[in-house]
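Single-letter residue listing:
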Amino acid sequence: FVNDDTLLLVLRSDDVFSLAFLDRLRALHADLEREIPLLDEVTSLVNARVTIGSDDALLVEDLLERWPEDEADLARVENLVRANPIYRNILLSADGHYTTVTITVVPGGTTQADEALAGFGEAPAAGVDKGLELPPVLMNEELTLVMGKLFAVVDRHRSPDFPIWIT
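Residue positions are given per chain, counting from 1 as you read along its sequence in written order. With the structure being a predicted model, the display of local features is reserved for residues of pLDDT at least 70 and the display and counting of side-chain atom pairs for 80 or more, all residues being used for whole-chain, interface and lining totals. Remark: hydrogens and water are excluded; side-chain values derive from all non-hydrogen atoms of the structure.

A.B. asks: Could you give me a rundown of the overall build of the protein chain, with the residues and numbers involved?
C.D. replies: The number of helices and strands found in the protein chain is four helices and six strands. In this text, helices come from DSSP runs of H or I with a minimum length of four residues, and strands from runs of E with a minimum of two, each type numbered from the N-terminal end. Each helix (α) and strand (β) of the protein chain, taken in turn from the N terminus, gives the series β-α-β-β-β-α-β-α-α-β. Burial classes follow relative accessibility: with a 1.4 Å probe on protein chains only, a residue under 20% of its type's maximum area counts as buried, one over 50% as exposed, and anything between as partly exposed. Burial analysis of the protein chain (167 residues in total) assigns 37% to the buried set. Pairs at least 24 apart in sequence give 68% of the contacts found in the protein chain among residues at least 6 apart. In the structure as shown, the protein chain presents an accessible area of about 10,000 Å², 54% of it carried by carbon and sulfur atoms. Contacts are assigned to residue pairs with any non-hydrogen atoms lying within 4.5 Å of each other. Only the protein chains shown count as cover for residues, and the accessible areas themselves come from Shrake-Rupley with a 1.4 Å probe.

Here you go:
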């Protein structure tokens, strides 16, 4: 079985599109990017891509590239998120009270084949495909390291008014 290289944080707020919540989300996002080992990518409302068509051009930018400063900016961001079916029930729940942070990590290089054949000698058994190429997986030590750092970051940010669940 392939180890999953994707971790998901779920956050709840009565107002996901408030400056207070978005500031806390941005701080969490930055700490995850800075502290999670073997990190490939962190995706949240902070860096979700938005594509806007105008005349004959497409504008592609991060959703919060221009950080909202007032209620009008917040309303614009909320409208963009709610209008985009790609974000629905992925970055924002249908009721608007939950958002996610997706963390993708990259295994350190050990492959499933290496792990599966470990301890069975140098030569593969007769009939085993020597060219077997399976994707790298997180080994126990790597998973322990990633999860330890993740829990440390989440514990610093989690509070009764900023609940965070890890899956």
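A.B. asks: Kindly report on the sheet that holds strand β6 (residues 164-166), identifying the contributing residues and their values.
C.D. replies: The four strands are arranged β2-β5-β1-β6 in an open sheet whose pairing can be described as antiparallel. Looking along the sheet, the strands with just one partner apiece sit at the ends: β2 (39-43) and β6. Strand-to-strand twist in this sheet, taken as the mean axis angle between neighbours without regard to direction, amounts to 20°. Interaxial angles span 0 to 180 degrees and are taken between N-to-C directions of axes, which are lines fitted to C-alpha atoms, for helices over the stretch in contact. Along the sheet, helix α4 (residues 140-157) makes contact with β1 (6-12), β5 (98-105) and β6, crossing β6 at roughly 170°. Strands are labelled as partners when DSSP assigns at least two bridges between them.

A.B. asks: Account for the environment of Arg88, naming residues and giving values.
C.D. replies: Here Arg88 shows up in the loop between α2 (71-83) and β5. Measuring from C-alpha to C-alpha, the distance between Arg88 and Thr99 comes to 9.8 Å, with 11 residues separating the pair along the chain. Leaving out residues up to four positions away in the same chain, Arg88 has contacts with Arg82 and Ala83. Here the side chain of Arg88 touches Arg82 through a polar contact of 3.4 Å, landing on its backbone oxygen. Pairs of N or O atoms are called polar contacts if they sit within 3.5 Å, as long as, within protein, a hydrogen donor faces a hydrogen acceptor (for residues adjacent in sequence, only side-chain-to-side-chain pairs).

A.B. asks: Account for the nonpolar core, with residues named and values stated.
C.D. replies: The biggest cluster of nonpolar side chains holds 35 residues, and the ones touching the most others in it are Leu9, Leu32 and Ile103. Broken down by secondary-structure element, the contributors of at least two residues to this core are β1, α1 (19-35), α2, β5 and α4. Sequence-distant contacts of Ile103, defined by excluding residues within four places in its chain, comprise Asp5, Thr6, Leu7, Leu9, Leu32, Ile36, Leu39, Glu41, Val42 and Leu150. Note on terminology: a nonpolar core comprises buried Ala, Val, Leu, Ile, Met, Phe, Trp, Tyr and Cys residues joined through side-chain atoms within 4.5 Å.

A.B. asks: Give me the pairing of strand β3 (residues 49-54): which residues, what numbers.
C.D. replies: In the sheet, β3 pairs with strand β4 (residues 57-62) via six bridges, with the strands oriented antiparallel. When the sheet's bridge partners are listed, Ser54 is paired in β4 with Ala57. Here β3 folds back onto β4, and the loop between the two strands holds two residues, one of which, Asp55, carries a positive phi near 50°.

A.B. asks: Pulling in residues and values, what's your account of the packing of aromatic side chains?
C.D. replies: Whether two aromatic rings pair depends on their centres lying within 6.5 Å, for rings of Phe, Tyr and Trp, where Trp uses its six-membered ring; planes under 30 degrees apart make the pair stacked, over 60 edge-to-face, and the rest tilted. Summed over all chains, the structure comprises two aromatic pairs. Plain terms: the ring middles of Tyr98 and Trp165 are 6.3 Å apart, the flat faces sit at 45° to each other, and that makes the pair tilted. With Tyr98 in strand β5 and Trp165 in strand β6, this residue pair connects regions lying 67 residues apart in the sequence. A relative accessible area of 43% places Trp165 in the partly exposed class. Placement of a charge over a ring requires the Lys NZ or Arg CZ to be within 6 Å of the ring centre, with the centre-to-atom vector within 35 degrees of the ring normal. Sitting over the ring of Trp67, Arg26 keeps its end group 3.8 Å from the ring centre.

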